[in-house]
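The primary structure of each chain is shown beneath.
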Amino acid sequence: MKKMKFTALILSLVLVMGVLAGCADGGEEVSESGKVILKVGTEPTYPPFEFTNDANEIIGFDIDLANALAEKMDMEVEIVTTSFDGIFTGLNAGNYDVIIAAISMTPKRLETMLFSEPYLSNGQVIVTNSGDANITSQEELTGMKVGVQLGTTADTAAEKYADEYGFEVSKYDEILQTFSAMKAGHVDAIAVDYAVAIEYVQLDPESYQISDVMLTNEPIAIAIKQDNVDLQEKINNAMEEIRADGTLKSISEEWLGGDYTSDIDTELNVVE
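Residues numbered from 1 in each chain as written. Predicted model: local features only at pLDDT ≥ 70, side-chain atom pairs only at ≥ 80, totals over all residues. Heavy atoms only, no water.

Chemist: How do you make sense of the overall build of the protein chain when you look at a structure like this?
Modeler: Along the backbone of the protein chain there are 9 helices and 13 strands. Expressed as a percentage of the 272 residues in the protein chain, the buried residues total 47%. (Helix = DSSP H or I, 4+ residues; strand = E, 2+ residues; numbered from the N terminus. Buried < 20%, exposed > 50% of the residue type's maximum accessible area, 1.4 Å probe, protein only.)

See below:
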């Protein structure tokens, strides 16, 4: 009987040690290589920031950014995919440590989560069909149907201006659907992040053009769970390093065709 109890005790200790081997100090998970895992929440249908290629790999600006930061912090990235309309709920629930998904900084979001230093200039712009008359003011949207991705700051801004200027907002789960809808004639314009607009226009200039209207100024940053100040500091330090050594600029040039990471206007002009 004593031998059986001793054997059971040994087995229990082995199980406990196995669990602990998968955690770092403070309960952090570690990979097989012994590095702390940085769980990154993202929504992989938003090119050029995060999207799935033909090999079913998630790639894009934000994925390269996450890996570059993790390398500086001696961590290993684990991508956790989720829908955008639930992405902040997942952060608060602890499903991932950070969100790297073209997240715009807004005063309202700053109340409920931490942010890194911004890494990309951004604002909401209006995209129209190539060849349409250039839109130079919000007033010119009157009577139009404007497509947006559900839950984004473009959604919020469009809702606000729709009441003021008299246009209709059509909401879609994925940004690709808004561009497909405009091609099909279901919407007349799209409100979207500037960098995303650049991507679509570069890929298909015969179909799309960026108007002169900038609805907001909302630089892009990494969202971090509100109480994780230590991780925020680590990310900001790593961000400074990749900015100084040119890595951040190179990522921007690769995915956006230019440097949108320097001289970022950090004064928020956001519709909430």
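Chemist: In this structure, what is going on with the sheet that holds strand β12 (residues 208–214)? I would like to understand it.
Modeler: Backbone-to-backbone hydrogen bonds pair the strands of a sheet. The strands run either parallel or antiparallel. Spatially, the 5 strands line up as an open sheet ordered β10-β9-β11-β8-β12, and their pairing is mixed. Here the strands that pair on one side only, and so sit at the sheet edges, are β10 (168–172) and β12. Each strand of the sheet is rotated relative to its neighbour by a mean of 35°, with strand direction disregarded. Relative to strand β11 (residues 189–193), strand β8 (residues 124–129) runs antiparallel, the two being bridged by 5 bridges. (Pairing = 2+ DSSP bridges. Axes fitted to C-alpha atoms, helices over the stretch in contact; angles between N-to-C directions.)

Chemist: Help me understand the nonpolar core in this model?
Modeler: Generally speaking, a soluble globular protein has its nonpolar side chains buried in company with each other. Phe49, Leu65, Leu69, Val98, Tyr119, Val192 and Ile222 are the most contacted members of the largest nonpolar core, which totals 48 residues. With 7 residues, helix α2 (residues 61–73) is the single largest residue contributor to this core. What leucine 65 contacts, discounting residues up to four positions off in sequence, is Ile100, Tyr119, Ile222, Met239, Ile242, Leu248 and Ile251. Residues Val148, Ala154, Tyr161 and Val213 belong to the second largest nonpolar core, which totals 18 residues. (Core = buried A, V, L, I, M, F, W, Y, C linked by side-chain atoms within 4.5 Å. Contact = heavy atoms within 4.5 Å.)

Chemist: Help me understand the packing of aromatic side chains, please; the structure alone is not making it clear to me.
Modeler: Two descriptors summarise a pair of aromatic rings, namely the distance from one centre to the other and the angle between the planes of the rings. Within this structure, the stated rule accounts for 10 aromatic pairs. Where tyrosine 46 meets phenylalanine 49, the ring centres are 6.1 Å apart and the plane angle is 20°; that geometry is what we call stacked. Across the pair, exposure class does not vary: tyrosine 46 and phenylalanine 49 are buried alike. By the ring-pair criterion, three or more aromatic residues cluster together here, those being Tyr46, Phe49, Phe61 and Tyr119. Directly above the aromatic system of tyrosine 161 lies the positively charged group of lysine 160, at a separation of 5.6 Å from the ring centroid. (Phe/Tyr/Trp six-rings, centres within 6.5 Å; stacked < 30°, edge-to-face > 60°. Lys NZ or Arg CZ within 6 Å of the ring centre and 35° of its normal.)

Chemist: What should I look at first to understand the pattern of salt bridges in this one?
Modeler: Between side chains of opposite charge, a pair can form when the charged atoms approach closely. Across all of its chains, the model carries 6 salt bridges by this definition. The closest approach of N and O atoms between lysine 171 and aspartate 155, which form a salt bridge, is 3.0 Å. Here aspartate 155 lies in helix α5 (residues 153–165) and lysine 171 lies in strand β10, a separation of 16 residues in the sequence. Taking relative accessible area as the criterion, lysine 171 reaches 38% and is therefore assigned partly exposed. (Salt bridge = Lys/Arg side-chain N within 4 Å of Asp/Glu carboxyl O.)

Chemist: Sorry if this is basic, but what is going on with a negative patch on the surface here?
Modeler: Where like charges cluster on the molecular surface, the negative patch consists of Glu139, Glu140, Asp163 and Glu164. Of note, aspartate 163 is situated in helix α5. You can call aspartate 163 exposed: its relative accessible area is 71%. (Patch = residues over 30% accessible without salt bridge, like charges linked within 9 Å, V, L, I, M, F, W, Y side chains within 5 Å. Areas by Shrake-Rupley, 256 points an atom, 1.4 Å probe, with all protein chains shown as cover. Lys, Arg positive; Asp, Glu negative; His and termini not counted. Charge placed at Lys NZ, Arg CZ, Asp CG, Glu CD.)

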